[in-house]
Amino acid sequence: MKKDERTDKFGYGKIGIIGLGFVGLPLALAFIRQGFDVIGIDLDGAKISTLNEGRSYLPDIEDEEIRRAVSSGKLAVSEQYDDMASAESIVICVPTPLSPQQTPDLSYLTDTCSRLVPLLRSNQLIVLESSTFPGTTKEVVQPLLERSGLAVGEDIFLAYSPERIDPGNKQLTIDKIPKVVSGITERCLDRVYKLYSQVFEQVVPVSTTETAEAAKLLENSFRLVNISFMNEFAKICEKMNVNVWEVIEAARTKPYGFMAFYPGPGVGGHCIPVDPLYLQWKARQLGTESRFIELSHLVNESMPVYIVEELKRLLAPSKSISESRVLVYGITYKKDTPDLRESTAIPMMQLLIHEGASVQYHDPFIPSVTLNDLTLNSVSLTEAALRSTDVVLIHTDHTAIPIDSIVSYAPLVYDTRNATKRRSGRSKVAKLGGGSALSG
Ligand SMILES: NC(=O)c1ccc[n+]([C@@H]2O[C@H](COP(=O)([O-])OP(=O)(O)OC[C@H]3O[C@@H](n4cnc5c(N)ncnc54)[C@H](O)[C@@H]3O)[C@@H](O)[C@H]2O)c1
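Parameters and conventions
Residues numbered from 1 in each chain as written. Predicted model: local features only at pLDDT ≥ 70, side-chain atom pairs only at ≥ 80, totals over all residues. Heavy atoms only, no water. Near = heavy atom within 4 Å. Polar contact = N/O pair within 3.5 Å; in protein donor to acceptor, adjacent residues only side chain to side chain. Helix = DSSP H or I, 4+ residues; strand = E, 2+ residues; numbered from the N terminus. 1 Å grid on protein atoms, 1.4 Å probe; cavity = no way out; pocket = protein on both sides within 12 Å on 5 of 7 lines; lining within 4 Å. Points joined across faces, edges and corners; volume = space filled by probe spheres on them. Nonpolar A, V, L, I, M, F, W, Y, C, P; charged D, E, K, R; others polar. Domains from an automatic or database assignment. Contact = heavy atoms within 4.5 Å. Buried area = accessible area lost by both parts, 1.4 Å probe. UniProt positions renumbered as here; feature names shortened; annotations may be inferred. Core = buried A, V, L, I, M, F, W, Y, C linked by side-chain atoms within 4.5 Å. Buried < 20%, exposed > 50% of the residue type's maximum accessible area, 1.4 Å probe, protein only.

Some thoughts on the site of the ligand
In the vicinity of the ligand there are 27 residues, among which Val 23, Asp 42, Lys 47, Tyr 81 and Thr 96 approach most closely. Interatomic distance of 2.5 Å between a side-chain N/O atom of Tyr 81 and a nitrogen atom of the ligand. Residue Ser 131 places a main-chain N or O atom 3.0 Å away from an oxygen atom belonging to the ligand. If you tally residues by element for the shell around the ligand, the top one is helix α5 (residues 107-116), at three residues.

Points about empty space enclosed by the protein
For the coordinates displayed, the defined rule picks out two cavities of 30 Å³ or more. Estimates place the volume of the largest cavity at around 70 Å³. Tallied by class, residues from the lining of the largest cavity come to eight nonpolar, two polar and two charged. In this structure, the second largest cavity encloses a volume near 30 Å³. Surrounding the second largest cavity, Glu 163, Arg 164, Ile 165, Ile 174, Ile 177, Pro 178, Lys 179 and Phe 200 form its lining. When its residues are assigned to classes, the lining of the second largest cavity shows five nonpolar, no polar and three charged.

Details of the domain arrangement of the protein
Each domain of the protein was delimited in the assignment, giving domain 1 (3-207) and domain 2 (302-439). Placing the centre of domain 1 and that of domain 2 at their C-alpha centroids yields a distance of 38 Å. Counting from both sides, the interface comprises five residues of domain 1 and, opposite them, seven residues of domain 2. When the area that domain 1 buries against domain 2 is broken down by residue, the three leading residues are Phe 22, Pro 59 and Pro 167, summing to 75%. Counting every contact that joins domain 1 to domain 2 gives two residue pairs in polar contact (both at pLDDT 80 or more). When grouped by side-chain class, the residues that make up the side of domain 1 that touches domain 2 number three nonpolar, one polar and one charged.

With respect to the UniProt feature "domain: UDP-glucose/GDP-mannose dehydrogenase C-terminal" (unreviewed entry) in the protein
Within this numbering scheme, the UniProt entry marks residues 327-422 as carrying the feature "domain: UDP-glucose/GDP-mannose dehydrogenase C-terminal" (unreviewed entry). The span residues 327-422 is 23% helical and 25% strand by assignment, and the distance between its end C-alpha atoms comes to 22 Å.

Observations regarding the layout of surface pockets
Considering only enclosed or pocket space, the second largest pocket measures out at about 340 Å³ in volume. With three residues, helix α2 (residues 24-33) is the largest single contributor of residues to the lining of the second largest pocket. Classifying every residue of the lining of the second largest pocket by side-chain character gives eight nonpolar, three polar and six charged.

Some details on the nonpolar core
In a soluble, globular protein the nonpolar side chains are often hidden away together inside. Counting residues in each nonpolar core, the largest one holds 73 residues, and the members touching the most others are Ile 17, Phe 31 and Tyr 196. In terms of residues, this core owes the most to one element, α2, which gives seven residues. Once residues within four sequence positions are removed from consideration, Tyr 196 is found in contact with Phe 31, Val 91, Val 127, Glu 129, Ser 161, Lys 179, Val 181 and Val 203. Judged by nonpolar contacts, the second largest core, of 29 residues, contains Val 308, Met 348, Ala 357 and Val 391.

Looking at the UniProt feature "transmembrane region" (unreviewed entry) in the protein
Mapped onto the present numbering, the UniProt feature "transmembrane region" (unreviewed entry) falls on residues 12-32. Here residues 12-32 is 43% helix and 24% strand, with 13 Å between the C-alpha atoms at its ends.

Here's the deal with the side chain of Ser 228
The residue Ser 228 is located in helix α8 (residues 209-240) in this model. Judged by its relative accessible area of 3%, Ser 228 is buried. A distance of 3.0 Å separates a polar side-chain atom of Ser 228 from the backbone oxygen of Ser 296. The residues touching Ser 228, leaving out its near neighbours within four places in the chain, are Ser 296, Val 299 and Asn 300.

Here it is in structure tokens:
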């Protein structure tokens, strides 16, 4: 569909996307695929240069798609906000991390709103996509935007739609994931519903922005609680000498009332360990408790220590950790994603270094990493490199993992992901949650 057909038929005009990261860039391309023109803003000059050179910095997005979008003029990217005045709809996808005190840090969001205020004009729709605590859109964003003198619901329209993208998932692309939308007023909801219906296969309207904000926190808190429970259960299985992975496979044959979650080295990323703490903060503000979140957070935080203790146990008595060479396979928080945010590999490697171990890593997505003041480069997984370690610790099971080489050449493998499932080799293999390589 040609640009003018889309603009004339639906009157949506240009889309402005603020924050071109894991959420904003795929969203920009989803709009472009449906014929929209997109203006993308990011304060990171390196990202803007990369895009303007026709290259992608996300593995899920091909260079070719960026090159076509930029050269055709469908995607115009900049570090400057000025062009936002010409956008009919503006979507905010900036980070919402935690402060050092583990409380919500909305500074990126408030900075975005302040930059937008002088540029806002009548009839624009502003959609917040960043994950945040219930009340943010109405109590934080609305008053900031209204400093423009434009009233939400009359002059401009304000909506919240939580992002549910699953980086690295090639089947469930962004447009196939049902999109929850909400608005400050009925007209705001109507605007976002109609716009997003052009891009997403299913749009799910809810009655308030607080409902949509809470839905996102529920989804991610649900994952944290269940994965942390599985990690606790894995530790119990270990003690019982039962293979947790086999237990889960058996339990998931139940056709109702059970949903499989899997143990691992602890959850990471910008969402699952962070969003529940936004909910916890909100609960505290309201004078109530969130004990499940508190406990799950503690279990999650304890995983690096647990895994290092397991390595010590497995290496003993022939070697102490301080005289051991540990090679970590995969350090990102999630497979096939170049994202180190909140990855438990970082505290785990720091702990190993602190204990005196000699630590190396391999990750096809991360060429180098700095831990305190030590910079490590990803090493090649040659036969010699594998043979010369004392243990390979599988932290992230990237699709490219050379599992046959690892179980053939490493003297000892500690597998936190069940990547060695039904693999045999010469290595001694131990898994988080018990079980040998051959038992599933
Ligand atoms: N990554 C995910 O899988 C995922 C999934 C669902 C929701 N979310 C949520 O979406 C939001 C964005 O996450 P992300 O993973 O895309 O983060 P990201 O760090 O990958 O991208 C955010 C981008 O915003 C830019 N930025 C920061 N401040 C800015 C400003 N004032 N103006 C313009 N650009 C600015 C940064 O340079 C960065 O490129 C967060 O709230 C996150 O919780 C993320």
